[in-house]
Amino acid sequence: MLIEGMNMANFEKMKSEDIQICTNIYLESFGHTKEEGLDVEGYLKSYIENKNAKALVYKESGNVVGFVTAMELPDMMEGISYYIDILVVDKNMQKKGYGTSMINDFINNISKEKPVWLITRKSDVSNKLYSKTMIKFDDIGYYSYSPLISRLNECIKEYEKEIDNMKKILEG
């Protein structure tokens, strides 16, 4: 469950009729306007039509709360890995667990145990979201291989908190 008492949202393959709502979600969530000339609709249409791409809407009770676009890429060790290009949650639905749920569902159900990675800006506010479920590499990327990696990441964070608490005790 996303939040106690809330129905679990699910991924569905993006359809042509989803493009307009997804375009609006993208523009509003990232603070863009149609006047800027971004071709979000064309971008989403290309993902829908590309057999090596995934364009997925995340729906709860029939309403789109976000979407993910990802590309299947060759991987020397695993055959295929997934690069997440866009993961966005409706501005009105942010901070409710949907983003975390979307990443977890993608890693656990869509990628089917294949590597998943994404690249972001250092200043991206979404870094907090990605760091909950994926392992950071360098200063701009996140990577996840399986639910085991996610659990290991949680353990590392718990361990880091314990170290910080021990430092405070020793300093105090």
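Computed from a predicted structure; not experimentally measured. (Residues numbered from 1 in each chain as written. Predicted model: local features only at pLDDT ≥ 70, side-chain atom pairs only at ≥ 80, totals over all residues. Heavy atoms only, no water.)

J.: How do you make sense of the overall build of the chain when you look at a structure like this?
T.: When helices and strands are counted, the chain shows five helices and seven strands. Residues classed as buried in the chain amount to 38% of the 172 residues present. Surface exposure of the chain reaches about 10700 Å², of which carbon and sulfur atoms provide 53%. (Helix = DSSP H or I, 4+ residues; strand = E, 2+ residues; numbered from the N terminus. Buried < 20%, exposed > 50% of the residue type's maximum accessible area, 1.4 Å probe, protein only. Areas by Shrake-Rupley, 256 points an atom, 1.4 Å probe, with all protein chains shown as cover.)

J.: How should unusual backbone geometry be read in this particular structure?
T.: Excluding glycine, residues mostly carry a negative phi; peptide bonds, for their part, are mostly trans. Even without being a glycine, Ser61 presents a positive backbone phi close to 50°. Within the secondary structure, Ser61 is located in the loop between strand S2 (53-60) and strand S3 (63-75).

J.: Would you take a moment to explain the packing of helix H1 (residues 19-29) against helix H2 (residues 40-49) for this structure?
T.: The axes of two packed helices give the description: the angle between them and the distance between them. The contact between H1 and H2 brings their axes to 9 Å, and the two run at 125°. For the element pair H1 / H2, the angle class is oblique. Once H1 is placed against H2, the crossing between them reads as right-handed. From H1, Ile19, Gln20, Cys22, Thr23, Tyr26 and Leu27 reach across to H2, where they touch Val40, Glu41, Leu44, Lys45 and Ile48. A class-by-class count of the residues in the contact of H1 with H2 yields seven nonpolar, two polar and two charged. (Axes fitted to C-alpha atoms, helices over the stretch in contact; angles between N-to-C directions. Parallel < 35°, antiparallel > 145°, perpendicular 65-115°, else oblique. Left-handed = near helix turned anticlockwise from the far one by under 90°. Contact = heavy atoms within 4.5 Å. Nonpolar A, V, L, I, M, F, W, Y, C, P; charged D, E, K, R; others polar.)

J.: Whenever I open this one, the confidence of the model for the chain confuses me. Can you help?
T.: Any region with low pLDDT has predicted coordinates that should not be read closely. Chain-level pLDDT for the chain is 78 on average; 71% of the residues reach the 70-or-more range. For the chain, the element scoring lowest by mean pLDDT is strand S7 (residues 141-144), at 54; H2 scores highest, at 95. Overall, residues 1-7 carries pLDDT values under 50, and its contacts beyond four positions in sequence, including any with other chains, amount to 16 contacts. (pLDDT = per-residue confidence, 0-100.)

J.: Help me understand the pattern of salt bridges in this model?
T.: Any two side chains of opposite charge can pair if their charged atoms end up close together. One pass over the full model with this rule turns up three salt bridges. Between Lys59 and Asp18 there is a salt bridge, and its shortest N-O distance comes to 3.8 Å. Of this pair, Lys59 sits in strand S2 while Asp18 sits in the loop between strand S1 (10-13) and H1, and the two are 41 residues apart along the sequence. The class of Lys59 is buried, set by a relative accessible area of 16%. Among the ionic contacts, a cluster of salt bridges with common partners joins Glu12, Asp18 and Lys59. (Salt bridge = Lys/Arg side-chain N within 4 Å of Asp/Glu carboxyl O.)

J.: Explanation requested: the environment of Lys114 in the structure shown.
T.: Within the fold, Lys114 resides in the loop between helix H3 (98-110) and strand S5 (116-119). Along the chain, Lys114 and Gly79 lie 35 residues apart, while their C-alpha atoms are 8.6 Å from each other.

J.: What is the right way to read H1 from this model?
T.: Side chains of residues three or four places apart in an α-helix project in the same direction, reflecting 3.6 residues per turn. All of the buried residues in H1 are Ile19, Cys22, Thr23, Ile25, Tyr26, Leu27 and Ser29. At its buried positions, H1 is contacted by H2, S2, S3 and strand S4 (79-89).

J.: Hey, could you run me through H2 in this one?
T.: Residues of H2 that are buried: Val40, Leu44 and Tyr47. End-on, the buried residues of H2 take up no more than an arc of 60°, which puts them together on one face. In this fold, the buried residues of H2 make contact with H1, S2, S3 and S4. (Arc of directions from axis to C-beta.)

J.: Honestly, the packing of aromatic side chains in this entry has me stumped. Any pointers?
T.: The geometry of two aromatic rings is summed up by the distance between their centres and the angle between their planes. All told, the structure shown has five aromatic pairs when counted by the stated rule. Ring geometry for Tyr43 and Tyr47: centres 4.8 Å apart, planes at 45°, overall tilted. One end of the pair, Tyr43, and the other, Tyr47, are both in helix H2, four residues apart, so they sit about a helical turn from each other. The rings of Phe11, Tyr58, Tyr82 and Phe106 are connected pair by pair, giving a single aromatic cluster. (Phe/Tyr/Trp six-rings, centres within 6.5 Å; stacked < 30°, edge-to-face > 60°.)

J.: I keep staring at the environment of Ser101 and nothing clicks. Help me out?
T.: Mapped onto the secondary structure, Ser101 falls in helix H3. What makes Ser101 buried here is its relative accessible area of 8%. For the pair Ser101 and Asn10, spaced 91 residues apart in the sequence, the C-alpha separation amounts to 9.3 Å.

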